[in-house]
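Close look at the chain arrangement
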Amino acid sequence: MSDTVKYLLSEEDLPKQWYNIVADLPNPPAAVLHPATGQPIGPADLAPLFPMAVIQQEVSSERYIDIPKPVRDILRQWRPSPLYRARRLERALDTPARIYYKYEGVSPAGSHKPNTAIAQAFYSKQEGVRRITTETGAGQWGSSLSLAGALFGLEIEVFMVKVSYHQKPYRRAFMESFGATCIASPSDMTEAGRAVLQANPDHTGSLGIAISEAVERAVQRDDTKYALGSVLNHVLLHQTVIGIEALRQFELANDYPDIVIGCTGGGSNFAGIAFPFIGEQLRGGRKVEVIATEPANCPTLTKGRYAYDFGDTAHLTPLVKMHTLGATFVPPGFHAGGLRYHGMAPLVSQIVAEGYATARAYHQLECFEAGVQFGRAEGILPAPESNHAVRCAIDEALRCKREGTPRTILFNLSGHGNFDMQAYTDYFAGKLYDTEYSPEALQKSLDSLPSVAA
Ligand SMILES: *Cc1c(COP(=O)(O)O)cnc(C)c1O
């Protein structure tokens, strides 16, 4: 077998439908509650924020949902994405495991995020929206929505977590090149931002705060909607093209994963690769071991509580049942900014709570070590977020070596790290540290979770 083994699908194999795991789960998702009344919300409550087509997807229990042709026409530019067999990494690890990775870094923004940005921008455009507001952590989501905005002729306004705004100037330049406006959050443009700045003028920002700012701006104007890059059901749905393609690519490889791994910030790239495989299992197909990986200093799935919480700091968003560290929890700074969110997608939370997946937390140094080892073997430098999946895949491959079991491992390489050179520079300079969250701050944040009648 040659060293470079990839499984490519033709353009005709680009999925025509997304997969909705709600159709196959034994239990329905927990109700979403109104932030003020605590009562279940309906589609009308979400209408100021999202296009109606997106809201319908959010509450859908249809197994398959058609991907509109204009969306497919754009996705076609980089999809289907390649599935690689990591032969050189296998050899470097001297493992009997077969390691495969699905590579989402081939999109124009360098990650999986355009898969949903394109869809969300399309539905906004279709419903006459002129402007979309959003937040971004490390900048990948803002980049992806800016790209989508340019393609559909929409104005994009991005609130970027302040610490990343300064750490990642190229991300901001990328967004502005596509015509978007990028604002450091907390900002003085919104009440939510001003309140935070008044309490702490040096606040470095958080995704929770940036969401509050973007939501506040969206509800102010009729021609403006809000878009979220992760967490919500419709976002996870749009990412399932990843796993649907991977299923077909494993047919070409005449193989099937025993283990499926994805890193989790809000849970979308993990859901994208894992849900179609879990769906096969739920419908009586082969069992897979599914592992969600997260940063040890923002340990939503491994240390958070499965409870109702707000998605943002100012409590403007609905209450959803999810694994959460509490909306007031501000994780310490680290380089995988895209994983720095206090909550987890409700569907990913449910899947972990019901035992269809397990979670593991890793510190950043061991993740960078894995990313560099992967890069030197495979020639692709992963995004710092993706390194959490790489670490787990390598650990599992080494376990196969110890136990002498040739298992098949699939992980999602959610993005490349070409915009994250500062992180790698710091890593090689010995300036990257494993920071710890404050257990007292976490306890305080969990203690202030909203109380919701069961
Ligand atoms: C944003 C991002 C993540 C984390 O977001 P999810 O919604 O959990 O997928 C992971 N990897 C990359 C490359 C990202 O850009």
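Scroll up to find the structure this text is about.
Along every chain, residues carry numbers that run from 1 in the direction the sequence is written. Local features in this predicted model are restricted to residues whose pLDDT is 70 or higher, and side-chain atom pairs enter the listing and the counts only when it is 80 or higher, whereas totals over whole chains, interfaces and linings include all residues. The side-chain numbers reported here are obtained from all heavy atoms of the structure, hydrogens and water having been left aside.

A general trend in soluble globular proteins is that nonpolar side chains are found buried together. Formed by 91 residues in total, the largest nonpolar core has its most connected members in Trp18, Tyr226, Phe275, Phe277, Val348 and Leu410. Sequence-distant contacts of Phe277, defined by excluding residues within four places in its chain, comprise Gly243, Ala246, Leu247, Phe250, Tyr256, Pro257, Val260, Val288 and Leu410. Only buried Ala, Val, Leu, Ile, Met, Phe, Trp, Tyr and Cys residues count toward a nonpolar core, and they belong to the same one when joined by side-chain atoms within 4.5 Å. For every residue, the accessible area obtained with a 1.4 Å probe (protein chains only) is divided by the maximum for its type, and the residue is called buried under 20%, exposed over 50%, and partly exposed between those limits. Grouped together as the second largest cluster of nonpolar side chains are 39 residues, Ile259, Ile261, Phe374 and Leu446 included. For this analysis, residues touch if any pair of their heavy atoms sits within 4.5 Å.

Under the scheme used here, helices are H or I runs from DSSP no shorter than 4 residues and strands are E runs no shorter than 2 residues, and both carry numbers assigned from the N terminus. A helix is expected to span 1.5 Å multiplied by its residue count minus one. For helix α10 (residues 207–220), with 14 residues, the first-to-last C-alpha span of 20 Å sits near the 20 Å given by 1.5 Å per residue. For α10, the buried fraction is high: 12 of the 14 residues fall into the buried class. All buried positions along α10 are accounted for by Leu207, Gly208, Ile209, Ala210, Ile211, Ser212, Glu213, Ala214, Val215, Glu216, Arg217 and Ala218. Those residues of α10 hidden inside the fold are in contact with β6 (131–136), β7 (155–161), β8 (181–185), α9 (191–199) and β9 (224–226).

Across the junction of Arg79 and Pro80, the peptide omega takes the value -10°, indicating a cis bond. With respect to the element layout, Pro80 can be found in the loop between α3 (69–75) and β4 (83–85). The linkage connecting Ser185 with the following residue, Pro186, adopts the cis geometry, with an omega of 5°. Tracing the chain through its elements places Pro186 in the loop between β8 and α9. For Asp94, which is not glycine, the phi dihedral falls at a positive 50°. With respect to the secondary-structure elements, Asp94 resides in the loop between α4 (87–93) and β5 (98–103). The class for Asp94 is exposed, based on a relative accessible area of 54%.

Right, let's talk about the packing of aromatic side chains for a bit. A pair of Phe, Tyr and Trp rings is counted when the ring centres sit within 6.5 Å of each other, with Trp represented by its six-membered ring. The angle between the planes then sorts it: under 30 degrees is stacked, over 60 is edge-to-face, the rest tilted. Applying the stated criterion across every chain, the model contains 18 aromatic pairs. Between the aromatic rings of Phe374 and Phe411, the centroid separation amounts to 5.8 Å while the plane-to-plane angle is 75°, which identifies the pairing as edge-to-face. With a gap of 37 residues between them, Phe374 in helix α16 (residues 364–378) and Phe411 in strand β15 (residues 408–413) connect regions that are remote in the sequence. With respect to class, Phe374 is no different from Phe411; both count as buried. Between Tyr427 and Phe428 the ring centres are 5.3 Å apart and the planes differ by 65°, which places this aromatic pair in the edge-to-face class. Joined through ring pairs, the aromatic side chains of Tyr7, Tyr100, Phe250, Tyr256 and Phe277 make up one cluster. Stacked on the ring of Tyr100, the Lys or Arg Arg85 has its end atom at 5.7 Å from the ring centre. Definition used: whenever NZ (Lys) or CZ (Arg) falls within 6 Å of the ring centre and also within 35 degrees of the ring normal, the charge is taken to sit over that ring.

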